[in-house]
Amino acid sequence: MSNTKNDILTENTVPAARKSGINWLLWLSSVPLLGIAGAFAVVGQQQRTPVDTVAVVDELTVPNLQSAAPDVYWREERIQQGDSLGSLLSRMGVSDPAALQYLRKQTELSGLKQLKLGRTVQAQTDAEGELLGLQYMDADGVLVKVTAAGDSFSVSKDEVQMTVGTAMKAGTIKSTLFAATDAADLPDDIATSLSDMFGSQINFHKGLHKGDRFKVVYETMSYNGQVVQTGRLLAAEFINGGKVYRAVSFTDASGHTAYYTPEGKSLRKAFLQSPMEFTRVTSGFAMRMHPILGEWKQHKGVDYGAPIGTKVKVTADGVVTFAGVKNGYGNLIEVKHFGDFTTAYAHLSGFAPNLKVGSKVSQGDLIGFVGQTGWATGPHLHYEFRVAGEARDPLSDVVPIAKPMDDKVLPQFTAHASTLTARFDLMQTLQERNLD
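Residues numbered from 1 in each chain as written. Predicted model: local features only at pLDDT ≥ 70, side-chain atom pairs only at ≥ 80, totals over all residues. Heavy atoms only, no water.

A. Just the packing of aromatic side chains, in detail. With the rule as written, the count across this model stands at 13 aromatic pairs. Here F204 and F238 contribute two aromatic rings whose centre-to-centre distance is 5.6 Å and whose plane-to-plane angle is 75°, an arrangement assigned as edge-to-face. Taken together, the residues span a long stretch of sequence, with F204 in the loop between α8 (188–197) and β7 (213–223) and F238 in strand β8 (residues 226–240) at a distance of 34 residues. Each member of the pair, F204 as well as F238, carries the same accessibility label: buried. Ring-pair connections join several aromatic residues into one group, and the members of that group are F198, F204, F214, F238 and Y245. A cation over a ring is seen here: K326 above F322, with NZ or CZ 4.5 Å from the ring centre. (Phe/Tyr/Trp six-rings, centres within 6.5 Å; stacked < 30°, edge-to-face > 60°. Helix = DSSP H or I, 4+ residues; strand = E, 2+ residues; numbered from the N terminus. Buried < 20%, exposed > 50% of the residue type's maximum accessible area, 1.4 Å probe, protein only. Lys NZ or Arg CZ within 6 Å of the ring centre and 35° of its normal.)

In structure tokens form, the structure reads like this:
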């Protein structure tokens, strides 16, 4: 019958030149047995030429199920708050105490224990949960692979080509800048750059207000769609006490990077307002009861409370004139700047490597670390700002702005800045739509 399953399969799978003969045979299959015999009798009378036949035998290979590869599974998980190496592997279906012990002991895999929230790790296991392979991207953008090799594992590292992109984030100040950037899931290095960018315009220790807002645009480096590194802070907007500040990062032909307003005015002042990020002022420039001498004395600097080892940076370009121990200052660094300006950094736990008298330093360079040396009752930095040898309040003095951008590169910068600052308007539009 032409509508049978066999007919349909034959029509669809056999070449056209062979279809007529096959259809004829199918027709014969529907003829009674006597009819078939009669038909062959007629054929036998009309054609007596013998037909040669050849027997063809195909050997079918049966797979050896005993030697087939065991089931393997790839799983991927993101690093979550509070994750340990053990909990991460458990979520990926790894049940292999020996592998966990190996991963914990390998110092070259320290990056696995320091992965940031949101990063991903892939693991390959067999049906019993034994670890066959594991891979992740470390903080330097290197793909690390761990592969089972007999009773142990082998480790390989590959440089990969990453895709450069941009990210946009926004946040609101509720207490401190650091708390706000953390709540906005802003990378630490971008948060620090944000502080540096507006450090000469906004006092992040005393001048922040609840409800202040910021927006940032920064570079990202991705691999297989996963952000594994952050690059430079490209642009930022900060609304402080209702006043809007905008800044753009720009690198000139010589490779020098600086921050400017969208109009091309430099944001870099001769002195930064603070030698550290994310600290608190514990004692200002005023008369006070000296905590050790027990008498009223003029406090000729500003004290910044911070843990021992916190980085201290120089607030302006200059030359180191003293680096050593001096009386109640403990470990002290003094820097001579342009004109009559000098600065001092006291109670340090140590100095930056290779720093010595005569060293030239640039604004923002690391020069030392917070300590508790000299007459100090707790870990902090004592910072002094002097004009012609006389101490001034570093939180109140107004200092000159650095030279403006070269007119020759201003058109290039303006186009660059317009592209970046347009993203702030886009972010604002998206935020307003979400509120509607």
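B. A look at the nonpolar core. Core analysis: the largest hydrophobic core is formed by 25 residues, its most contacted members being V312, I333, Y345, I367 and L381. Where this core is concerned, the elements lending two or more residues are β14 (302–305), β17 (330–336), β18 (341–351), β20 (366–370) and β21 (380–387). Membership of the second largest hydrophobic core comes to 23 residues, among which are L186, F198, L233 and F238. (Core = buried A, V, L, I, M, F, W, Y, C linked by side-chain atoms within 4.5 Å.)

C. The side chain of K215, seen in detail. Its location among the elements puts K215 in strand β7. Accessibility expressed as a relative area gives 8% for K215, which makes it buried. Of note is the side chain of K215, whose polar atom sits 3.5 Å from the backbone oxygen of F424. (Polar contact = N/O pair within 3.5 Å; in protein donor to acceptor, adjacent residues only side chain to side chain.)

D. Region of interest: unusual backbone geometry. Here the phi dihedral of D185 falls at roughly 60°; this positive angle occurs in a residue that is not glycine. Secondary-structure assignment places D185 in the loop between α7 (177–183) and α8. We classify D185 as exposed; its relative accessible area is 54%. Of note in this structure, N327 is not a glycine but carries a positive phi near 45°. Tracing the backbone through its elements, the reader meets N327 in the loop between β16 (318–326) and β17. Since its relative accessible area comes to 70%, N327 is described here as exposed.

E. Layout of the pattern of salt bridges. This structure, assessed with the given rule, holds 12 salt bridges. Measuring nitrogen to oxygen at the nearest pair gives 2.7 Å for the salt bridge that ties R91 to D83. The exposure class of R91 is partly exposed, given its relative accessible area of 28%. Residue D83 is classed as partly exposed on the basis of its relative accessible area, which comes to 25%. Of the charged contacts in the structure, one is a salt bridge between E334 and K326, with a shortest N-O distance of 3.6 Å. (Salt bridge = Lys/Arg side-chain N within 4 Å of Asp/Glu carboxyl O.)

F. Structural detail: the side chain of T421. By the secondary structure assignment, T421 is in helix α9 (residues 410–435). The class for T421 is buried, based on a relative accessible area of 11%. At 3.5 Å, the side chain of T421 forms a polar contact with the backbone oxygen of S418. With sequence-adjacent residues up to four places away left out, T421 is seen in contact with R246, V248 and P262. (Contact = heavy atoms within 4.5 Å.)

G. Structural view of α8. Listed in full, the buried residues belonging to α8 are I190, A191, S193, L194, S195 and M197. Along its buried surface, α8 packs onto α7, β7, β8, β9 (243–251) and β10 (257–260).

H. Representation of the pairing of strand β5 (residues 152–159) within the structure. Where strand β4 (residues 142–149) and β5 come together, eight bridges link them in antiparallel fashion. Its bridge partner lying in β5, T147 is registered against S154. The turn linking β4 back onto β5 is made up of two residues, and G150 within it adopts a positive phi angle of 70°. (Pairing = 2+ DSSP bridges.)

I. Spatial organisation of the sheet that holds strand β6 (residues 163–172). Overall, antiparallel pairing links the five strands, which are arranged β6-β7-β8-β9-β10 in an open sheet. With partners counted over all chains shown, the strands left at the sheet margins are β6 and β10, one partner each. Adjacent strand axes in the sheet meet at a mean angle of 25° when their direction is disregarded. The pairing of β9 with β10 spans four bridges and is classified as antiparallel. When the sheet's bridge partners are listed, F250 is paired in β10 with A258. The strands touched by α8 within the sheet are β7, β8, β9 and β10, with β8 carrying the most contacts at an inclination of about 30°. (Axes fitted to C-alpha atoms, helices over the stretch in contact; angles between N-to-C directions.)

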